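# Descriptive analysis of the structure
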Amino acid sequence: MFLGRWDAKIDPKWRLYIPAVINKQFGRSVLLKEGEDGCILLQKQDLSKVKDSSHVFVEKIRNGGRIMIPDFLRSSNSFYFGKNVTVTGRGDHLKIMPRP
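Here is a short report on the structure shown in this document.

Criteria and thresholds
- Residues numbered from 1 in each chain as written.
- Predicted model: local features only at pLDDT ≥ 70, side-chain atom pairs only at ≥ 80, totals over all residues.
- Heavy atoms only, no water.
- Buried < 20%, exposed > 50% of the residue type's maximum accessible area, 1.4 Å probe, protein only.
- Helix = DSSP H or I, 4+ residues; strand = E, 2+ residues; numbered from the N terminus.
- Pairing = 2+ DSSP bridges.
- Polar contact = N/O pair within 3.5 Å; in protein donor to acceptor, adjacent residues only side chain to side chain.
- Contact = heavy atoms within 4.5 Å.
- Phe/Tyr/Trp six-rings, centres within 6.5 Å; stacked < 30°, edge-to-face > 60°.
- Core = buried A, V, L, I, M, F, W, Y, C linked by side-chain atoms within 4.5 Å.
- Axes fitted to C-alpha atoms, helices over the stretch in contact; angles between N-to-C directions.

### A word on the pairing of strand 3 (residues 29–34)
Counted residue by residue, strand 3 has 5 buried out of 6 residues, so it is predominantly covered. Judged from the 5 bridges that link them, strand 3 and strand 5 (residues 56–60) form a sheet pairing that is antiparallel. Opposite Ser29, over in strand 5, you have Lys60 as the bridge partner. Where strand 3 meets strand 4 (residues 40–43), 4 bridges bridge the pair, whose relative direction is antiparallel.

Quick look at the structure:
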């Protein structure tokens, strides 16, 4: 279960750091997709729960707990104010939200 929130900054290579305590829950990879409000959602890699898989990405969690934000998702509402974001736990997933 994903709970809590933290402020983060997307690095110049479009990578997001996920704290070790949380990335252990994901395993080796994470599923990324755009939510109904245009913000990015991060979920455990379980495609059986995905209704529309046309814009779903699976990214490997790299050394240091970083995940790459795919090109397609870089124009999402999560980055409306730039690369400063807030990541919130929403039970079964994480949500990347814009931070002014």
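### Observations concerning the side chain of Thr86
Positionally, Thr86 belongs in strand 7 (residues 84–89). Of note is the side chain of Thr86, whose polar atom sits 2.9 Å from the side chain of Asp7. Those residues within four positions of Thr86 in sequence are excluded, and the remaining contacts are Arg5, Trp6, Asp7, Lys95, Ile96, Met97 and Arg99.

### Observations regarding the packing of aromatic side chains
Centre distance and the angle of the planes are the two values used to describe a pair of aromatic rings. This model, assessed by the stated rule, comprises 4 aromatic pairs. Seen in terms of ring centroids, Trp14 and Phe79 are 5.1 Å apart; in terms of plane orientation they differ by 85 degrees. Their pairing is edge-to-face. Of this pair, Trp14 sits in the loop between strand 1 (5–9) and strand 2 (15–17) while Phe79 sits in the loop between strand 6 (66–68) and strand 7, and the two are 65 residues apart along the sequence. The same class applies to Trp14 as to Phe79, namely buried.

### Thoughts on the nonpolar core
If you look at the biggest cluster of nonpolar residues, it comprises 22 residues, and the most contacted ones within it are Leu16, Leu42, Ile69 and Leu94. Of all the elements in the fold, those that place two or more residues in this core are strand 1, helix 1 (20–26), strand 3, strand 4, strand 7 and strand 8 (93–98). Setting aside residues no more than four positions away along its own chain, Ile69 makes contact with Ile10, Trp14, Leu16, Leu32, Ile40, Arg74, Phe79 and Ile96.

### Description of the environment of Ile18
Assignment of secondary structure puts Ile18 in the loop between strand 2 and helix 1. Given the relative accessible area of 1%, Ile18 is considered buried. The spatial distance from the C-alpha of Ile18 to the C-alpha of Arg74 is 17 Å, given a sequence separation of 56 residues.

### Brief notes about the sheet that holds strand 1
Here 6 strands make up an open sheet; going across it, the order is 1-7-8-4-3-5 and the pairing antiparallel. On the outer flanks of this sheet lie strand 1 and strand 5, each paired with one strand and no other. When the angles between neighbouring strand axes are averaged without regard to direction, this sheet yields 25 degrees. Here strand 1 pairs with strand 7 via 5 bridges, running antiparallel. The partner of Ala8 across the bridge, within strand 7, is Val85.

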